[in-house]
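Commentary on secondary and tertiary structure
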2 protein chains.
Amino acid sequence: MTIAPGLLPEGLRDRLPPQAEAGSRLLHRVIVAIGRHGYARVSPPLAEFEEGLVGQLKSAGARDLLRFVDPVSQRTLALRPDITAQVGRIAATRMGHRPRPLRLAYGGPVLKLRATQLRPERELTQAGAELIGTDSLAAVIEILRVAVEALEVAGVTGITVDLTLPDLVETLAAGAMPLPADKVDAVRAMLDAKDAGGLASLGADAYLPFIEAAGPVGPALAKLRAIAGAQTLDKRLEAIEAIVAAIGDRVALTLDPTERHGFEYQTWIGFSLFGDGLSGEIGRGGSYTIVHPDGTEEKAIGFSLFIDPLVDVGLGVVEHRRVFLPLGTDAATGAALRADDWITIAALSESDDAAALGCTHILRGNIPQPI
Amino acid sequence: MTIAPGLLPEGLRDRLPPQAEAGSRLLHRVIVAIGRHGYARVSPPLAEFEEGLVGQLKSAGARDLLRFVDPVSQRTLALRPDITAQVGRIAATRMGHRPRPLRLAYGGPVLKLRATQLRPERELTQAGAELIGTDSLAAVIEILRVAVEALEVAGVTGITVDLTLPDLVETLAAGAMPLPADKVDAVRAMLDAKDAGGLASLGADAYLPFIEAAGPVGPALAKLRAIAGAQTLDKRLEAIEAIVAAIGDRVALTLDPTERHGFEYQTWIGFSLFGDGLSGEIGRGGSYTIVHPDGTEEKAIGFSLFIDPLVDVGLGVVEHRRVFLPLGTDAATGAALRADDWITIAALSESDDAAALGCTHILRGNIPQPI
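Residues numbered from 1 in each chain as written. Chains lettered and ligands numbered in written order. Predicted model: local features only at pLDDT ≥ 70, side-chain atom pairs only at ≥ 80, totals over all residues. Heavy atoms only, no water.

Things to note about the packing of aromatic side chains
Here is the rule: Geometry of aromatic contacts follows a simple scheme: Phe, Tyr and Trp rings, the Trp one being its six-membered ring, pair when their centres are within 6.5 Å, and the pair is stacked under 30 degrees between planes, edge-to-face over 60, tilted otherwise. Under the scheme used here, helices are H or I runs from DSSP no shorter than 4 residues and strands are E runs no shorter than 2 residues, and both carry numbers assigned from the N terminus. Note on exposure labels: buried denotes an accessible area under 20% of the residue type's maximum, exposed denotes more than 50%, and partly exposed covers the range between, all computed with a 1.4 Å probe on protein chains only. Cation placement over rings: the criterion is NZ of Lys or CZ of Arg within 6 Å of the ring centroid and within 35° of the ring normal.
Tallied over the full model, the rule gives 3 aromatic pairs over all chains. Pairing F68 of chain A with F68 of chain B gives two aromatic rings, centres 6.2 Å apart and planes at 35 degrees, and the pair type is tilted. Taken together, the positions of F68 of chain A in strand β3 (residues 66-70) and F68 of chain B in strand β3 (residues 66-70) put the pair across two chains. Ring centres 5.7 Å apart and planes at 35 degrees place the aromatic pair Y207 of chain A and F210 of chain A in the tilted group. Look at F210 of chain A and you get buried, because its relative accessible area is 1%. Stacked on the ring of F49 of chain A, the Lys or Arg R75 of chain A has its end atom at 5.8 Å from the ring centre.

Structural notes on empty space enclosed by the protein
All names here are of chain B. Selection rule: In the cavity and pocket records, a cavity denotes points on a 1 Å grid over the protein atoms alone where a 1.4 Å probe fits but cannot get out, a pocket denotes an open set with protein on both sides within 12 Å along at least 5 of 7 lines, and lining residues are residues with an atom within 4 Å of a point. Grid points are joined across faces, edges and corners, and a volume is the space filled by probe spheres set on the points. Here the term charged refers only to Asp, Glu, Lys and Arg, the term nonpolar to Ala, Val, Leu, Ile, Met, Phe, Trp, Tyr, Cys and Pro, and the term polar to all other amino acids, Gly among them.
Scanning the entire structure with this criterion turns up 2 cavities of 30 Å³ or more. Its boundaries defined by the atoms lining it, the second largest cavity holds a volume of some 40 Å³. Lining the second largest cavity, in full, are L165, P166, L168, V169, R188, L191, D192, P257, T258 and R260. Listed by contribution, the elements that provide at least two residues to the lining of the second largest cavity are α6 (168-173) and α7 (184-192). With 3 residues, α7 is the largest single contributor of residues to the lining of the second largest cavity. By residue class, the composition of the lining of the second largest cavity is 6 nonpolar, 1 polar and 3 charged.

Thoughts on the domain arrangement of chain A
Worth spelling out the cut-off: Domain segmentation is taken from an automatic or database assignment of domains.
Looking at chain A, the domain boundaries give domain 1 (8-155 + 273-318), domain 2 (167-258) and domain 3 (322-370). Between the C-alpha centres of domain 2 of chain A and domain 3 of chain A there is a distance of 62 Å.

With respect to the interface of chain B and chain A
To keep things clear, this is the line we draw: Whether two residues touch is decided by their heavy atoms; if any such pair falls within 4.5 Å, the residues are in contact. Values labelled buried area give the accessible surface lost by two parts on being combined, using a 1.4 Å probe and summing over both. Each reported salt bridge corresponds to a side-chain nitrogen of Lys or Arg within 4 Å of a carboxyl oxygen of Asp or Glu. Within 3.5 Å is the distance limit for a polar contact, defined as a pair of N or O atoms, with the added protein rule that one can donate a hydrogen and the other accept it, and that residues adjacent in sequence qualify only through two side-chain atoms.
The interface is formed by 79 residues belonging to chain B together with 79 residues belonging to chain A. Taking both sides of the interface into account, the surface hidden between chain B and chain A amounts to around 7000 Å²; carbon and sulfur atoms contribute 62%. Between the two partners, chain B and chain A, sit 10 salt bridges. In this structure, D14 of chain B and R94 of chain A form a salt bridge, with 3.8 Å as the shortest nitrogen-oxygen distance. Put simply, chain B and chain A have 23 residue pairs in polar contact (both at pLDDT 80 or more) between them. A per-class count over the side of chain B that touches chain A returns 42 nonpolar, 11 polar and 26 charged.

Digging into the sheet that holds β3 of chain B
Residue and element names in this part refer to chain B. Formally: Only strands joined by at least two bridges in the DSSP assignment are considered to pair. Working convention: axes come from line fits to C-alpha atoms, limited for helices to the stretch in contact. Angles between N-to-C directions cover 0 to 180 degrees.
Overall, antiparallel pairing links the 3 strands, which are arranged β2-β4-β3 in an open sheet. Unpaired on one side and paired on the other, β2 (47-49) and β3 mark the two borders of the sheet. Ignoring which end each strand starts from, the neighbouring axes of this sheet average 35 degrees apart. Note that β2 and strand β4 (residues 75-79) share 3 bridges and pair antiparallel. Bridge pairing links E48 to A78 in β4.

Concerning the environment of E130 of chain B
Residues and elements named next belong to chain B. By the element assignment, E130 lies in strand β6 (residues 123-132). Residues E130 and A40, spaced 90 residues apart in sequence, show a C-alpha to C-alpha distance of 9.7 Å. Discounting residues that sit within four places of it in the chain, E130 has contacts with Y39, T84, V87, L102, R103, L104, Y106, Y288, I301, G302 and F303. Polar contacts involving the side chain of E130 include one to the side chain of Y288, which spans 2.6 Å.

Brief notes about the side chain of D135 of chain B
Residue and element names in this part refer to chain B. The condition is simple: Charge counting follows a simple rule: Lys and Arg are positive, Asp and Glu are negative, and His as well as the terminal groups are ignored.
In this structure, D135 sits in the loop between β6 and α5 (137-153). Buried D135, no salt bridge; nearest opposite-charge side chain is K299, N-O distance 4.3 Å. Leave out the neighbours within four places in its chain, and D135 touches V140, T267, W268, S287, K299 and A300.

Quick notes on the UniProt feature "binding site: L-histidine" (unreviewed entry) in chain A
Residue and element names in this part refer to chain A. We apply this condition: UniProt positions are given in the numbering used here, feature names are shortened, and annotations may be inferred rather than shown by experiment.
Sites flagged by UniProt as "binding site: L-histidine" (unreviewed entry) map to D82, I83, T84, Q126 and E130. Maximum C-alpha separation among the annotated residues is 13.1 Å over a sequence range of 49 residues, consistent with a single clustered spot. Checked against the element boundaries, I83 lands in the loop between β4 (75-79) and α4 (84-92). Its relative accessible area of 1% is what places I83 among the buried residues. The residues contacting I83, other than those within four sequence positions of it, are P44, Y106, G107, G108, P109, V110 and Q126.

Dropping the structure here:
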């Protein structure tokens, strides 16, 4: 079957003007905003040894790899479906000796094996920051502030941060609210599905109140505090209160304490980011553990932002003043206009049409006149 | 064989600070400079159907593809070794109806099957501009000016533009300096190799003077004009003189009239770009032909710049003022410093060490003090 000219594989697409420029501008703004907080840029390659990449990725991520055999190394390589794991590798190896906390930033394309219903693209632009060496409350607050600021400079408004406590069930099951070890996973799955009947049938009625303890952070915290066993989580609940105190004036905060979907590798805290008029997540992050080549573990926290949904709703588009330079305009005049923030479109022949070429102005008597 | 932690496949590498940031900054600067001349950004995907990509690429490029079978489309895809061909596809299909001349810009990573001796990397960053719908002298001059300006804003000095006339032998062989059709390729190869003996043995002595007609553009042009048959190339020689008049004050110009290596797909003019202290080409371009899905052909001209050699020599690195914010510094103080172009590094614990974290200053009494 011949492929029609210009047809692209499922999930891959061209970005055309003005979206392509908007995507580039948003990525640049986000990376610069992150960098202002001391996060230094790293650029890992688009592909790595499959074996190495799988080792760095969550098990879910490993299923999501586009693989190929590299004729040069004669090994299987995989395209990165995520940059976070590569940054963890760099932090653990080439930058393993650098003083902590180590602040790293990144931005670039990732390629996934499969699209999702929410996002039909398989190539996406990801940007983010990783803070390596600590997952303290101060670290969480910094990371959330940087993420929110980066979204703000990208033009996102009405930001919501949805907090979760990924290891909550595991922690309680081993302590104040005991569960048989072989039931922990099932209870987590029921809580993820908010399935009260399922919880009851597992004999985990004590966990039922967690289903209701989700929503805007104030009432959700109050409900959490009312669950007898959850009171042993005092430090975490205090941490959430501190987060509310730190960023509650800038963003809406919600809490879904047992949400675990997509947070399988997060340790004590995770979060999703949302914005007004944007469907689905526009970022996520949380605390996690980096494993060094010698087996030692290191705490870390970070976030990833997804640039494509922002581009899709029209963020990052800037209206330019475009001036047509008639034949014979000298080079210095064009240069002066560009230095004054004009985009210049030079006539190359008598038939060039200023309006058709999208110019807003024509240079007449050395002055740009509106078309 | 297990892969050592952190080892990357041949030709793929991590960019670390400060080079990663420099690469991102240079790409941004170059793209912005190109955009000021009315070139609108497009972003094609990292991978396409192999069949489609091969159709767009020069035959040399098709040998240079990293291929993989896409489990979703069940087709062979290839990673792009070049972005120019993809921009040509966009110009011929999705933007085929847009008024001409069409000015498009691009920038991003490409992946090649094999590295070269000069450039051991297989993943490279390419940026460039394509002017579609004309390959006139005015178009050549605009493209060269934009390329030179983009290199200048990237910090390149001592720029040399090496011009070539890729179809010169073909044109002369069919006209003023006849050659049997079956000898044209051999003569071109001997000229590429500057092999006088080879030319003589082919009975193509008339072409011997072209070997000497290379070097700084003034003397080379004079030698070209002295070749009896080459005088039929008057329009091209005048074009080169016009190029000298247009950009000869900004760059050094050389001419290698029969150089064909890497210009197999260029039509009447090609060029390579070099800079002081940079080994090898830092860009190239020329005129070419775009084939539309209906078989019609369209003239075009463009250039590609290679960002990696610029990063490798240290261009794009900016020294930042980095101020350490002791514990308890309020958020507004940090924000004010960042707005004043400081990079802020916030203490997260008592043990954070400003000097070890690369800070140049510490905030004391609300004023940054040098460390």
